[in-house]
Number of protein chains: 4
Amino acid sequence: MPHAAYEYIAGGAADEITLRWNREAFDALALRPRVLVDIERIDTSVELFGRRLAFPVLLAPTAFHRLVHSEGEVETARGASAGEALFVVSSLSTRRVEDISRATTQPWWFQLFDIGRRRREFLTELLETLNAVGCNGLVVTADAPVTGARNRSERAHFSLPDDLETPYYPDRTARKQVGGLPVSGSSTWADLAWLRSKTGLPIMLKGVLHEEDAKLAVKAGMDGIIVSNHGGRELDTVPATITVLPRVVKAVGKRVPVLLDGGVRRGTDVMKALALGARAVLIGRPYLYGLSVGGAPGVARVLEILRGEFEMALKLSGRRTLAEIDRSVILRT
Amino acid sequence: MPHAAYEYIAGGAADEITLRWNREAFDALALRPRVLVDIERIDTSVELFGRRLAFPVLLAPTAFHRLVHSEGEVETARGASAGEALFVVSSLSTRRVEDISRATTQPWWFQLFDIGRRRREFLTELLETLNAVGCNGLVVTADAPVTGARNRSERAHFSLPDDLETPYYPDRTARKQVGGLPVSGSSTWADLAWLRSKTGLPIMLKGVLHEEDAKLAVKAGMDGIIVSNHGGRELDTVPATITVLPRVVKAVGKRVPVLLDGGVRRGTDVMKALALGARAVLIGRPYLYGLSVGGAPGVARVLEILRGEFEMALKLSGRRTLAEIDRSVILRT
Amino acid sequence: MPHAAYEYIAGGAADEITLRWNREAFDALALRPRVLVDIERIDTSVELFGRRLAFPVLLAPTAFHRLVHSEGEVETARGASAGEALFVVSSLSTRRVEDISRATTQPWWFQLFDIGRRRREFLTELLETLNAVGCNGLVVTADAPVTGARNRSERAHFSLPDDLETPYYPDRTARKQVGGLPVSGSSTWADLAWLRSKTGLPIMLKGVLHEEDAKLAVKAGMDGIIVSNHGGRELDTVPATITVLPRVVKAVGKRVPVLLDGGVRRGTDVMKALALGARAVLIGRPYLYGLSVGGAPGVARVLEILRGEFEMALKLSGRRTLAEIDRSVILRT
Amino acid sequence: MPHAAYEYIAGGAADEITLRWNREAFDALALRPRVLVDIERIDTSVELFGRRLAFPVLLAPTAFHRLVHSEGEVETARGASAGEALFVVSSLSTRRVEDISRATTQPWWFQLFDIGRRRREFLTELLETLNAVGCNGLVVTADAPVTGARNRSERAHFSLPDDLETPYYPDRTARKQVGGLPVSGSSTWADLAWLRSKTGLPIMLKGVLHEEDAKLAVKAGMDGIIVSNHGGRELDTVPATITVLPRVVKAVGKRVPVLLDGGVRRGTDVMKALALGARAVLIGRPYLYGLSVGGAPGVARVLEILRGEFEMALKLSGRRTLAEIDRSVILRT
């Protein structure tokens, strides 16, 4: 991976305070294991929208996989398949969903940035394509109407290669911004209502940090919420996702599942997020590093390590199923 | 910029604890963005004493601009003009206000240190000059009756060049102290009352950290208060300005606007100060670095970056105007 | 000691957060000495299961002593004898208990990992041997049903020498895991009841961090509890032992003694653990370093230093006996 | 100064946690200045046992001044005289009080370690000498019945030169310990009562960290209390002196003055100690560095800097006298 691409992927916004908080907040949570529990048979599987996932870790939508591997998102999908994980394909994918879909035996979702009025024709067509190729869900990213202050990739002089195709974001002029994220500035709750009316697929709203937005999302007919701060890449000094997760979970109740991304690096992090109410978590950077170093087997290996650590965390804390992971896992101070 | 001048500008007093706190206290505040707000049209402007500023960032009074640029404060004024910001000219200016005034299309203020009894003749004359050349406001600095322990610039053997003219502080003997700040030791509330009686210009009291002093300032007829710790250059271990801002705002109510300087480096810092009650903020060192590196365009570029980051912070937190920036922007922990 | 062995011994699990917390939590406790107490005669001895120990520090069970000294656990036993401390022999001992027993004049205990159903024949035989050679107590380790994420020794490519004999854990295939810890996954409270029924020796349950498990242990007829997180080597981000000690002591009351290991490095640490309710503490890594550098005299020297520091802590805090070490020793904040 | 002597002086006990806390606790206290106060005339003087000191900083008793200057304590006394500060001569002085007394125009005190039964003959004689040469007060050090764990000077192989004379601690065998502090182990409240009965000089008890000991000291007829942790050199992890000062002051009320040493390095530290109830403070290491580098003028310069910073702190916080330094100087958080 070229240095500039690494800086683009690894970096966060501005002073990278949120990037740091995402990790520190997980590390600060202490676990309370129980002992002498019979843990010969444990079950890490979880149900999500009627499907059972082998373990509660998904591949988050991330942009431009061909920056780090020549096969791009198709290779990632193969890794997701081998690693038994659901892959959320980004709108900034460098491969077509027809090819991605064929590469995985696992369910997969598609992520959308800009769902504004101007894009309705494009989106209508896209939804038809997604249905045709068997997409299992949609993720609407709400926290990036403009691109954050990506000072670190600016300093590394990162820019997208001119010949990098992004079939679901074709406008190369707009892409000339750092990172090439679309600037919509105008997706609104009304746009979300329109999208909801156009598809029967499960839709998750991603980028929620405020409990009031979580309530609005449920009211808007969302099927799930993803507590996310865009990996610390958008507005710096927003809180760690694990910090606000309990408020969002409390606001949403049991009406829809709440997922979380941001800083998940260890099996114990997965357990902590579940203990505080998440149904599952997503990882981003870790699988991109796996993809870069080892292609699909690299992606699968990252998933295997995290799954193994999660199983270990269950056993070492004396829990056998996800139902047994509740707040009692966390030390109250 | 010579190393010693850099140490003089960048340094704080004694162990630079307040200097550090000014930054840490901003960084510790977490933001709570809202999503899916229509942010196509935002407005960053703010009203101050009947004038509308394009965005809520002013250039704080800082000494001796000819240390870093041959044109001194005149060049700064050109940058303020290009960057659409109000410039507060220091009593330790190395250029005359007649020349500074001509260089900017923006409103500008003048700052006074010592308003003691001995200086009344000088001040009376100065007020006439300021009126004649169109000065729009006065700032009285209250937190520097003596110069702080500038150990860092002492270690760098900083001293003012003998030929550096300071038309509003002509006594070169007194200037032989480090940094050349005047030692008055005697400006009092009575002196402020005298100044109030001599001018119709808006007067702001700068250097207030205590809510009781803020109340006294309002009672003394001040038009505004600037919460400041002199950039951590006077008494070390006084609190970060953002830490005491809420107490001062609470004490003052809506009677006069409260401004703040000290540690503002990011658009998110501007938003946090406003969320805690500031009408606007001032920056010091950043624009001096801009002036040193790039003259007026350098000053303008610093303002442009901060303005852009502030706009980005508005959009990414789902706020469209300054009126929408209230305490709800900050995460309560 | 080879570098890889050092990494295996010194390292903790995963990100070594618990390893760090074990030390930080001791360091954060402040002491409140009293002055002008007559401390000419002090007494550091403590009673445990009918025997009097010279001072409240034991040698914790640690694996594979022949990794660091050719005589292995026999040499450690000689050091324990010289240093007047009780030695807890690990199930992963590289020497036989017959030889270890002969090498010390002090009481000694034996530690068990896996007490599952499959091992009952082996354990029955082992208990007979232990009785025959004069073992004075048993420790059941409950916090390691699987081996933790030993990333640090993995990175150092640590592996056990093929010819390293472990008479109480003979299965070399299983040993091929990092560190060679047995994977049982199935010791339960029922297994503990079986063990309790088979021996009259005092049994301590080691690895307890939760007060509910402490209560269950008392109910299961345990003679003592060892608050331990396996030296931060099993599940990362479990709390420091000194952090949870007070809860465990409160839950257990005076029914059985509570011991602690994890991070004890200074005489003041020993005093802090006793002040918060521990009867005695165990050290692990420090005596392995002594064994590595100086054999039995090295072990004895480590004990002598800690004993001397503990005496010094008593004198400098104005306490003469262990009975005088109570909560008043710790500053409440 | 030889490196080993530097390590002996600069170092603290064990892990130097208390040494660090002494500084950190001062730095963590934030000041609340007032502005526009008339500070043309300020008064830093303070009354102590009927004498007026020019400013509230004393020279603490420290051992073996000939380690750092050939003239030893006589040179220090000259510096105290030039710097207008009271000097507390240590029992481990390398010069006789007759010579020290002649070298200063300021009041001076003498410090005692061991006041046990065995030393009564020696002490009776010493008290006569002290009276004869005009000693103005006594300090009994209570926190060092044995020497702390001076790991840092051990590592530097520090030892006292054989020919270093210590007229008030003549036993060279005992001195062979690190630092040569006497080991008494037996000074008690009864011994203090004996001392009280033998002299009319003011006696201060030094080394008090517990409010109950402070009360006992008042009851024992002490004229003052010095809150001290022996510069972090005795029992590690005892609290910073400024942390426990308020409790001691509260326990003592206005019955006797409370002094403090430990970590005072800045004029703001002096102000903070006074704000929390100290009548005055003592410094140790700083003046030894001054003595080492510059003899008596070095000692005087250290005092001058601290006095200047204290005056600056008064002016910059809008206080004119020590009576105006109360709790309102400190920010409550």
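Residues numbered from 1 in each chain as written. Chains lettered and ligands numbered in written order. Predicted model: local features only at pLDDT ≥ 70, side-chain atom pairs only at ≥ 80, totals over all residues. Heavy atoms only, no water.

A. Just the overall build of chain A, in detail. Of the regular secondary structure elements, chain A holds 11 helices and 10 strands. Relative to a compact globule of 333 residues, whose C-alpha radius of gyration would be 20 Å, chain A shows 19 Å and is just as compact. With respect to the three principal axes, the spread of C-alpha positions in chain A is 60 × 45 × 40 Å. With the model as given, the accessible surface of chain A reaches about 12,100 Å², and the carbon-plus-sulfur share is 48%. (Helix = DSSP H or I, 4+ residues; strand = E, 2+ residues; numbered from the N terminus. Rg over C-alpha atoms; globule rule 2.2 N^0.38 Å. Areas by Shrake-Rupley, 256 points an atom, 1.4 Å probe, with all protein chains shown as cover.)

B. Main features of the relation of the copies chain D and chain B. After a rotation of 90° and a shift along the axis of 0.1 Å, chain D superposes on chain B with an RMSD of 0.0 Å. Each copy turns onto its partner about a four-fold axis. The position closest to the rotation axis in chain D is occupied by the C-alpha of Thr333(D), lying 10 Å away. (Least-squares fit on C-alpha atoms with pLDDT ≥ 70 in both.)

C. Spotlight on the interface of chain B and chain A. At the interface, 26 residues of chain B touch 37 residues of chain A. Of the roughly 2,500 Å² buried between chain B and chain A, counting both surfaces, carbon and sulfur atoms make up 60%. If you look at where chain B meets chain A, you find four salt bridges. Where chain B meets chain A, there are 12 residue pairs in polar contact (both at pLDDT 80 or more). Elements that contribute at least two residues to the side of chain B that touches chain A include exactly helix H2 (17–28), helix H10 (267–275) and helix H11 (285–316) of chain B. Take the side of chain B that touches chain A: its biggest share by element is four residues, from H11(B). Residues belonging to the side of chain B that touches chain A are distributed by class as follows: 13 nonpolar, three polar and 10 charged. (Contact = heavy atoms within 4.5 Å. Buried area = accessible area lost by both parts, 1.4 Å probe. Salt bridge = Lys/Arg side-chain N within 4 Å of Asp/Glu carboxyl O. Polar contact = N/O pair within 3.5 Å; in protein donor to acceptor, adjacent residues only side chain to side chain. Nonpolar A, V, L, I, M, F, W, Y, C, P; charged D, E, K, R; others polar.)

D. Spotlight on the interface of chain D and chain B. With 27 residues of chain D at the interface, the matching set in chain B holds 37 residues. Considering only the side of chain D, the residues that lose the most area to chain B are Arg32(D), Leu36(D) and Leu316(D), jointly responsible for 30% of the buried surface there. Where chain D meets chain B, there are four salt bridges. A salt bridge links Asp15(B) to Arg266(D); the shortest N-O distance between them is 3.0 Å.

E. Structural detail: the nonpolar core. The biggest cluster of nonpolar side chains holds 478 residues, and the ones touching the most others in it are Phe110(A), Phe110(B), Phe110(C) and Phe110(D). Among residues more than four places away in sequence, those in contact with Phe110(C) are Val88(C), Val89(C), Ser90(C), Ser91(C), Val97(C), Leu126(C), Leu130(C), Cys135(C), Gly137(C), Leu138(C), Val139(C) and Tyr168(C). (Core = buried A, V, L, I, M, F, W, Y, C linked by side-chain atoms within 4.5 Å. Buried < 20%, exposed > 50% of the residue type's maximum accessible area, 1.4 Å probe, protein only.)

F. Layout of the packing of helix H5 (residues 120–132) of chain D against helix H7 (residues 189–198) of chain D. Residues and elements named next belong to chain D. Two elements in contact, H5 and H7, have axes separated by 11 Å at closest approach and are oriented at 30°. Judged on the interaxial angle alone, H7 and H5 are roughly parallel. In this structure, the crossing between H5 and H7 has a hand that is right-handed. Residue-level inspection shows Arg120, Leu123, Thr124 and Leu127 of H5 in contact with H7, the latter providing Ala190, Asp191, Trp194, Leu195 and Lys198. When grouped by side-chain class, the residues that make up the contact of H5 with H7 number five nonpolar, one polar and three charged. (Axes fitted to C-alpha atoms, helices over the stretch in contact; angles between N-to-C directions. Parallel < 35°, antiparallel > 145°, perpendicular 65-115°, else oblique. Left-handed = near helix turned anticlockwise from the far one by under 90°.)

G. View of the side chain of Asn229(B). Residue and element names in this part refer to chain B. Tracing the chain through its elements places Asn229 in the loop between strand E8 (224–227) and helix H9 (241–252). On the accessibility criterion, Asn229 (3% relative accessible area) is buried. In this structure the side chain of Asn229 is engaged in a polar contact, spanning 2.9 Å, whose partner is the side chain of Asn22. Each residue touching Asn229, except ones within four places of it in the same chain, is listed here: Thr18, Asn22, Asp143, Leu209, Glu234, Val238, Pro239, Ala240, Thr241 and Asp261.

H. The pairing of strand E9 (residues 258–261) of chain B, seen in detail. Residues and elements named next belong to chain B. The two faces of E9 match: Val258 and Leu260 on one face and Leu259 and Asp261 on the other face are all buried. Here three bridges tie E8 to E9, and the two strands are oriented parallel to one another. Of the residues in E9, the one forming a bridge with Ile225 is Val258. With H9 bridging E8 and the parallel E9, this β-α-β connection has right-handed handedness. One crossover worth recording links E9 to the parallel strand E10 (residues 280–283) by way of H10, and it is right-handed. (Pairing = 2+ DSSP bridges. Right-handed = clockwise from strand over helix to strand, strands pointing away.)

I. Main features of the arrangement of the chains. What separates chain B from chain C at the closest point of their C-alpha atoms is a distance of 21 Å, and the two make no contact. Over all C-alpha pairs, chain A and chain D never come within contact, reaching a minimum spacing of 21 Å.

J. Just the confidence of the model for chain A, in detail. On average, chain A scores 95 in pLDDT, and the residues at 70 or more come to 96%. Of the two predicted TM-score estimates for the complex, the pTM is 0.96 and the ipTM is 0.96. (pLDDT = per-residue confidence, 0-100.)

K. Focus on unusual backbone geometry. The phi dihedral of Thr237(A) falls on the positive side, at around 75°, and the residue is not glycine. For Thr237(A), the position within the fold is in the loop between strand E8 (224–227) and helix H9 (241–252). Thr237(A) sits in the buried class, given a relative accessible area of 2%. Of note, Phe49(B) is a non-glycine position whose phi angle comes to about 50°, a positive value. With respect to the helices and strands, the residue Phe49(B) is situated in the loop between strand E1 (46–48) and strand E2 (51–53). Residue class for Phe49(B) comes out partly exposed when judged on its relative accessible area of 27%.

L. Seen up close, the side chain of Ser90(C). Residue and element names in this part refer to chain C. Its location among the elements puts Ser90 in the loop between strand E4 (87–89) and helix H4 (97–102). A relative accessible area of 3% places Ser90 in the buried class. Within the structure, Ser90 has its side chain in polar contact with the side chain of Gln111 (distance 3.5 Å). Those residues in contact with Ser90, other than ones at most four positions away along the chain, are Pro61, Thr62, Ala63, Phe110 and Gln111.

M. Structural view of helix H9 (residues 241–252) of chain C. Residues and elements named next belong to chain C. Its 12 residues give H9 an end-to-end C-alpha distance of 16 Å, which sits within 8% of 16 Å, the value for a rise of 1.5 Å per residue. When you tally the buried positions in H9, you get nine out of 12 residues, the bulk of the element. Here the buried face of H9 lies against helix H2 (17–28), helix H8 (211–219), strand E8 (224–227), strand E9 (258–261) and helix H10 (267–275). Backbone geometry just downstream of H9 places Gly253 in the positive-phi region, at approximately 65°. (Expected span 1.5 Å × (residues − 1).)

N. Representation of the pairing of strand E5 (residues 108–112) of chain D. Residues and elements named next belong to chain D. Most of E5 is tucked away: five of the five residues are buried. Side chains Trp108, Phe110 and Leu112 of E5 all project onto a buried face; the interleaved residues Trp109 and Gln111 project onto the opposite face, where all are buried too. Sheet topology note: the strand E4 (residues 87–89)/E5 ladder contains three bridges and is parallel. Along E5, the bridge assignment pairs Val89 with Phe110. Bridge analysis of E5 against strand E6 (residues 138–141) gives three bridges, and the strand direction is parallel. Bridging across to E6, Leu112 finds its partner in Val140. Handedness of the crossover joining E5 and E6 through H5: right-handed.

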